[in-house]
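Commentary on secondary and tertiary structure
Here is what each chain is made of, one letter per residue.
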Amino acid sequence: MEIILGHWLDSKAYPDEFTSCTASIGKVITGFRGLINILEVQLGQSNPTISESVRIAEWQTTIAKLDDGNKPYSRSFKTDSWNTARELKKKRDELVLAGWNPNIHIGGGKWIESIAEIELSNHHHSKGFSDRVRILFELLNQKYLPLNIKKISLVDEDDSIWENWEKELVLILKQIGIQFEQIELQLPVVSDQPTNDLERIKLALYDANSTFNFNLSGDGSFIIVRSEQEWDAADFLISWLEVNGDDQTVLINNTNNLLLTELFHRRGLPSSEINEFSKWRSALQVLPLTLDTYWQPIRIDRIMELLTLPISPLPKKLCYKLARVISEEPGIGGDRWHAAIGEAVSEIETTWLEQGFDSKKLNKKKQELFEQIDVWINHEYYDTSDGIPCSVIESICRKISKWAFNKNLYTPNPVFAQAHSSAMELIEGIRVLNIEKIDQLQLANILGSILGDGIKLPNYIEELAPWSNVQQPGAIWGAVDNILWWEFTQNTTSQLNKLTDAERAFLKSHNVHLVSPELIRKRENESWHNAIRFANKRVILFIPSKVRAEDVKAHPLLDEIRFALSKIEQNEHQITINPSILYKQEKVTIIENEFKRVGLANKEIPSPIQQWKLPEHKVKLREIESATSFETVLSCPLKWTLQYSAKVQPSNALSLPNESIMLGNLGHAILERLIDAQVFTTDSDIQEMTGSLYDELVPKLAAPLLLPENQSLRSRVRNDLQKSMRQFANFLDVSKIVITETESSHQKIWQDEIEFEGRLDLIGKTPSNRTVILDAKWSRRPANYKQKLIDGSIQLALYQWLMSTSDDEVLPVAYFMLSSGDIYSVKNAEIPEQYHIDSVALNDTVQLIRHSLGEIQGSLDSGIAIATGIELDEAAAFKPLCSFCDYQDLCGIRRNQL
């Protein structure tokens with residue numbers, strides 16, 4: 001085996017084994033970490049990789065035993081034990097990799113001594129990369145072990161950029177007889193009389209002794225592409241590669257993001273492998289979402305996310321029914337919640353019976369189903385500070401790992417494999433911690449370490465391209481005509497060691513050389529210059545101002561380029577282009593290439609349509625209508641036609657209800673229970689009863705109110721409901737009205753073949769035994785309902801007609817505002833005057849409804865559905881609420897508003 005070795009060659013390199021002119025079987029191009037792997041394989045030292053989360057857990061366990069409250073890490077460990085253990089372990093790995101041995105290098109400062117104490121107490125810790133390197137060095141120092149390595153050729157011209165362990169490895173291999181040679185890099189020659197801008201800039205950058213007497217020509221050999229955002233720069237990059245991309249082109253692409261890949265595919269070009277990871281894949285979300293649902297207060301939003309995952313351990317019927325309940329009543333444990341579970345279980349059992357399961361298999365399936373319900377639906381909730389018992393977490397993880405394992409067994413997918421390993425890794429981690437309970441913060445930190453960035457997107461692999469892709473400029477070690485650096489922005493990821501000067505001096509005196517900040521900067525800087533040094537003909541640097549809508553800074557190398565330009569009295573604007581010119585001009589010549597754009601023919605946006613044509617005599621009012629459907633057809637016949645006749649529905653994506661709907665449902669439930677308990681007819685303390693019911697029902701119907709950020713809202717709504725119920729009690733006392741029905745349905749024939757059905761909130765009796773109708777509403781702006789009553793409420797008018805015994809009868813009808821306690825009533829002697837509102841007579845509104853419905857039905861019969869909002873008639877009796885309509889994009893009203 002022959003090895004070409006360089007510090008930056010662990011990632012993709014240029015030239016690689018296939019593009020190098022010296023390519024042959026048995027020749028490997030790699031960096032030092034890759035060399036460690038090769039040596040381990042040859043010496044039989046390959047071992048399974050140990051999870052970092054397990055190693056952190058081991059360190060946390062050891063630190064917990066040693067911490068007496070007076071250690072340098074005591075305060076941070078008390079606040080965040082996991083991250084403290086992670087940082088200390090990280091420092092330990094850096095020290096060990098540099099050659100530190102706590103048995104030999106005693107002392108050095110409080111932090112080094114603390115790390116040494118932990119290291120010496122952690123006798124059976126798992127091995128990381130630094131340990132593997134040290135074990136390998138011990139084996140190699142035995143000198144008699146055979147290695148199948150004929151020669152190692154070094155790429156790096158300056159070995160001072162190497163870390164101490166890399167230098168040590170080379171020295172050991174030399175001592176055991178491995179032949180080393182220095183590759184003489186073939187850099188493009190730059191004459192004293194440069195012929196293009198690239199050579200001029202190289203001369204100004206790398207020749208400190210010469211005097212310069214030349215100008216930039218703008219010949220396209222060195223270009224800076226500046227754009228406001230990635231799209232324009234990507235357009236130019238792709239356009240250039242379409243024409244010029246060949247085997248003498250290297251693209252430096254450290255991002256390899258999904259955006260660029262999709263743009264390549266859109267234009268029919270091959271893309272490089274995507275380095276992006278995702279932790280939002282459905283299967284990977286099952287573990288964190290499940291654990292989130294075990295904390296108090298209830299995170300109903302996380303429960304909804306778990307139930308609506310495309311891939312879930314729970315049966316789809318159960319998920320859908322529960323999600324449907326939560327979308328209307330966002331809480332756990334209510335009557336509808338338990339009813340939904342019962343219905344789902346019954347339907348699932350019926351399906352099993354239809355599939356022919358015998359009683360034994362049926363009982364087993366039912367037991368598994370109830371176990372699933374216990375894990376994901378009916379379980380205890382735990383205080384975030386006190387923590388969850390580790391036994392509970394282990395039980396959850398085993399269920400998830402079993403589910404993911406079985407899914408991967410029948411439908412192999414790396415996402416399921418990752419979900420399985422993550423669950424098992426969490427079990428192993430908490431076992432190593434050896435604690436009974438784990439709090440929310442620590443569990444979140446452990447999950448963060450395990451899940452990390454998630455899983456690499458599996459469907460985006462490297463595609464065969466004429467050009468080569470590398471992730472960093474240091475990986476270029478051979479001359480090439482064109483070098484393009486995508487996203488030439490500040491993106492240094494090297495982390496500097498934070499030990500003090502005194503600690504560094506102690507280590508240095510013991511021949512333990514940590515990587516210095518100066519060396520890190522020097523090494524990175526040298527690698528950056530490879531993008532210029534190895535270019536034969538052209539360098540193009542892409543600098544967007546924003547990346548993923550975030551402001552970014554240009555790469556630090558740009559400052560050196562600017563300084564070089566100043567030496568020849570030139571500036572970067574002379575070599576800078578804006579790629580937006582590609583779509584602003586029909587023909588553009590850039591770098592000797594002409595780019596042509598063909599404009600698309602403009603198409604006018606269709607005008608909104610007011611009158612929609614329908615088949616004649618096909619669209620009619622339904623056999624059963626409600627106040628809501630009547631209000632819809634009166635305000636906009638087209639909306640009614642789409643919604644009720646054509647059954648065009650918006651997306652069925654389930655989500656939590658908005659605040660007004662949630663609080664309205666809560667207020668209705670409390671009011672109904674107070675009436676059922678006959679609280680308003682006794683001397684009971686209304687406010688105390690309301691408060692008790694509120695505290696009982698919030699977790700079942702309005703769990704978001706329990707979240708800490710909603711504490712003030714929770715308190716305010718409680719006080720508002722107590723006040724409004726007390727005012728409602730005063731209203732009943734003054735008017736002597738007795739509530740007889742709540743949430744009751746009534747039907748009445750509207751006309752031939754059409755029945756009206758209404759569900760009334762409250763029906764009562766006056767002292768004279770007349771029927772009274774009260775409609776309870778929750779609104780942040782109660783005055784809106786007052787105005788609605790003044791204008792003639794369609795809903796209350798229809799309810800009065802529904803409960804009246806004749807067309808002339810006028811019943812007492814009112815709105816009760818749950819949020820404020822206000823009562824808005826039409827004038828009626830049965831209701832005290834202080835509640836009266838000057839309004840249109842409801843019987844007149846009913847007559848107007850009948851007349852308008854007749855006209856609308858006639859229009860529908862003739863095949864016309866009117867979109868009322870397109871040309872709104874200010875004199876119209878019933879006006880549409882277009883801004884809240886789901887169909888405004890279909891009718892075109894939104895286009896009218898642009």
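Only a predicted model underlies this, so the values are computations on that prediction, with no experimental measurement involved.

Further remarks concern the overall build of the chain. A count of helices and strands for the chain gives 32 helices and 29 strands. Relative to its length of 898 residues, the chain is extended, with a C-alpha radius of gyration of 37 Å against a globular reference of 29 Å. Expressed along its principal axes, the backbone C-alpha trace of the chain runs to roughly 110 × 70 × 60 Å. Per-residue burial for the chain yields a buried fraction of 51% across its 898 residues. Counted over contacts in the chain with a minimum sequence separation of 6, partners at least 24 positions apart contribute 74%. Each charge sign in the chain was given a centre, from 95 positive and 123 negative side chains, and these centres are 2 Å apart.

Counting residues in each nonpolar core, the largest one holds 85 residues, and the members touching the most others are W100, L307, I377, I393, L426 and L507. Setting aside residues up to four positions removed in sequence, I393 forms contacts with L291, I388, L426, I430, I438 and L443. The next biggest cluster of nonpolar side chains, apart from the first, holds 49 residues, and it includes V619, Y799, M803 and F878.

So, on to the packing of helix α29 (residues 794-803) against helix α30 (residues 842-861). Relative to each other, α29 and α30 sit at 100°, their axes nearing to 9 Å. Classified by the interaxial angle, the pair formed by α29 and α30 is roughly perpendicular. Contacts between α29 and α30 involve I794, L796, A797, L798, Q800 and W801 from the first element and L842, N843, T845, V846, I849 and R850 from the second. Its residues placed into classes, the contact of α29 with α30 shows eight nonpolar, three polar and one charged.

One pass over the structure, following the stated rule, counts 46 salt bridges. The salt bridge involving R302 is made with D292; its shortest N-O contact spans 2.8 Å. Residue R302 is found in helix α12 (residues 300-307), and its partner D292 is found in helix α11 (residues 282-292); the two are separated by 10 residues along the sequence. Across the pair K399 and E371 runs a salt bridge, and its minimum N-O distance is 2.9 Å. In this pair, K399 sits in helix α16 (residues 390-410) while E371 sits in helix α15 (residues 359-376), placing the two residues 28 residues apart along the sequence. What makes K399 partly exposed here is its relative accessible area of 28%. Classification of E371 as partly exposed rests on a relative accessible area of 30%. Overlapping salt bridges bring together E52, R55, K89, R92, D93, E119 and D131 as one network.

A few words on the environment of T350. In this structure, T350 sits in helix α14 (residues 335-354). Taking the relative accessible area as the measure of exposure, T350 reaches 38% and is therefore partly exposed. Taking the C-alpha atoms as reference points, T350 and E463, separated by 113 residues in sequence, lie 49 Å from one another. A polar contact is formed between the side chain of T350 and the backbone oxygen of S346, at a distance of 2.9 Å.

On to the pairing of strand β1 (residues 2-5), then. Sheet topology places β1 next to strand β3 (residues 151-154); four bridges connect them, and they run parallel. The partner of L5 across the bridge, within β3, is L154. The pairing of β1 with strand β2 (residues 27-30) spans four bridges and is classified as parallel. Looking at the pairing, I3 lines up with V28 of β2.

Where helix α6 (residues 129-140) contacts helix α7 (residues 164-175), the axes come no closer than 10 Å and their chain directions differ by 20°. Relative to α7, the element α6 is oriented roughly parallel. Here α6 and α7 pass one another in a crossing that is left-handed. On the side of α6, the interface is formed by F129, V133, R134, F137 and L140, while α7 contributes W165, E168, L169, I172 and L173.

A few words now on the pairing of strand β15 (residues 535-544). The buried fraction of β15 is high, at eight of 10 residues. Bridge count for strand β5 (residues 222-227) against β15 is six bridges, and the pairing is parallel. Considered in β15, the bridge of F222 is made with V539.

A cluster of basic side chains, namely K360, K361, K364 and K402, defines a positive patch on the protein surface. Mapped onto the secondary structure, K361 falls in helix α15.

Next up on the list: the packing of aromatic side chains. In this structure the tally under the stated criterion is 17 aromatic pairs. With a centroid separation of 4.7 Å and 75° between ring planes, the pair formed by W485 and F488 is classed as edge-to-face. Summarising the burial analysis for this pair, W485 and F488 share the class buried. Each member of the aromatic cluster is reached from another via a ring pair, and the members are F680, F728, F731, F816 and Y835. Over the ring of W111 we find K91; its NZ or CZ atom is 5.0 Å from the centre of that ring. A cation sits over an aromatic face here: K748 above W801, 4.6 Å from the ring centre.

The next thing to look at is helix α10 (residues 258-266). For α10, every residue scored as buried is listed here: L260, T261, L263 and F264. All buried residues of α10 fall inside an arc of 165° around its axis, so they share one side. Of the surrounding elements, those touching the buried residues of α10 are α9 (230-244) and β6 (249-252). Just downstream of α10 lies G268, where phi reads positive at about 80°.

So, on to empty space enclosed by the protein. Summed over the entire model, instances satisfying the criterion amount to four cavities of 30 Å³ or more. Space inside the largest cavity adds up to approximately 60 Å³. What lines the largest cavity is a set of 12 residues, and nearest its centre among them are N253, L260, F264, S271 and S272. Tallying contributions element by element places α10 first for the lining of the largest cavity, with three residues. Grouping the amino acids of the lining of the largest cavity by side-chain chemistry returns five nonpolar, seven polar and no charged.

With respect to the helices, strands and loops of the structure, N70 is situated in the loop between α2 (52-66) and α3 (74-79). Considered as a pair, N70 and D219 are 149 residues apart in the sequence and their alpha carbons are 67 Å apart.

Before going further, it helps to examine a nonpolar patch on the surface. Taken together, F405, L409 and Y410 make up a surface patch of nonpolar side chains, about 380 Å² in accessible area. Residue position: Y410 is located in helix α16. Judged by its relative accessible area of 68%, Y410 is exposed.

The strands making up a sheet associate through hydrogen bonds between their backbones, and the pairing can be parallel or antiparallel. The six strands are arranged β13-β6-β14-β15-β5-β18 in an open sheet whose pairing can be described as parallel. Every interior strand has two partners, whereas the edge strands, β13 (468-470) and β18 (576-577), have only one. In terms of strand pairing, β5 meets β18 through two bridges, oriented parallel. If you follow V225 over to β18, its bridge partner there is I577. With respect to the sheet, helix α8 (residues 197-206) is in contact with β5 and β15, its orientation differing from that of β15 by roughly 85°. On top of the sheet, helix α20 (residues 517-533) reaches β5, β6, β14 (480-485) and β15; it is set at about 120° to β15, its chief contact.

Parameters and conventions
- Residues numbered from 1 in each chain as written.
- Predicted model: local features only at pLDDT ≥ 70, side-chain atom pairs only at ≥ 80, totals over all residues.
- Heavy atoms only, no water.
- Helix = DSSP H or I, 4+ residues; strand = E, 2+ residues; numbered from the N terminus.
- Rg over C-alpha atoms; globule rule 2.2 N^0.38 Å.
- Buried < 20%, exposed > 50% of the residue type's maximum accessible area, 1.4 Å probe, protein only.
- Contact = heavy atoms within 4.5 Å.
- Lys, Arg positive; Asp, Glu negative; His and termini not counted.
- Charge placed at Lys NZ, Arg CZ, Asp CG, Glu CD.
- Core = buried A, V, L, I, M, F, W, Y, C linked by side-chain atoms within 4.5 Å.
- Axes fitted to C-alpha atoms, helices over the stretch in contact; angles between N-to-C directions.
- Parallel < 35°, antiparallel > 145°, perpendicular 65-115°, else oblique.
- Nonpolar A, V, L, I, M, F, W, Y, C, P; charged D, E, K, R; others polar.
- Salt bridge = Lys/Arg side-chain N within 4 Å of Asp/Glu carboxyl O.
- Polar contact = N/O pair within 3.5 Å; in protein donor to acceptor, adjacent residues only side chain to side chain.
- Pairing = 2+ DSSP bridges.
- Left-handed = near helix turned anticlockwise from the far one by under 90°.
- Patch = residues over 30% accessible without salt bridge, like charges linked within 9 Å, V, L, I, M, F, W, Y side chains within 5 Å.
- Areas by Shrake-Rupley, 256 points an atom, 1.4 Å probe, with all protein chains shown as cover.
- Phe/Tyr/Trp six-rings, centres within 6.5 Å; stacked < 30°, edge-to-face > 60°.
- Lys NZ or Arg CZ within 6 Å of the ring centre and 35° of its normal.
- Arc of directions from axis to C-beta.
- 1 Å grid on protein atoms, 1.4 Å probe; cavity = no way out; pocket = protein on both sides within 12 Å on 5 of 7 lines; lining within 4 Å.
- Points joined across faces, edges and corners; volume = space filled by probe spheres on them.

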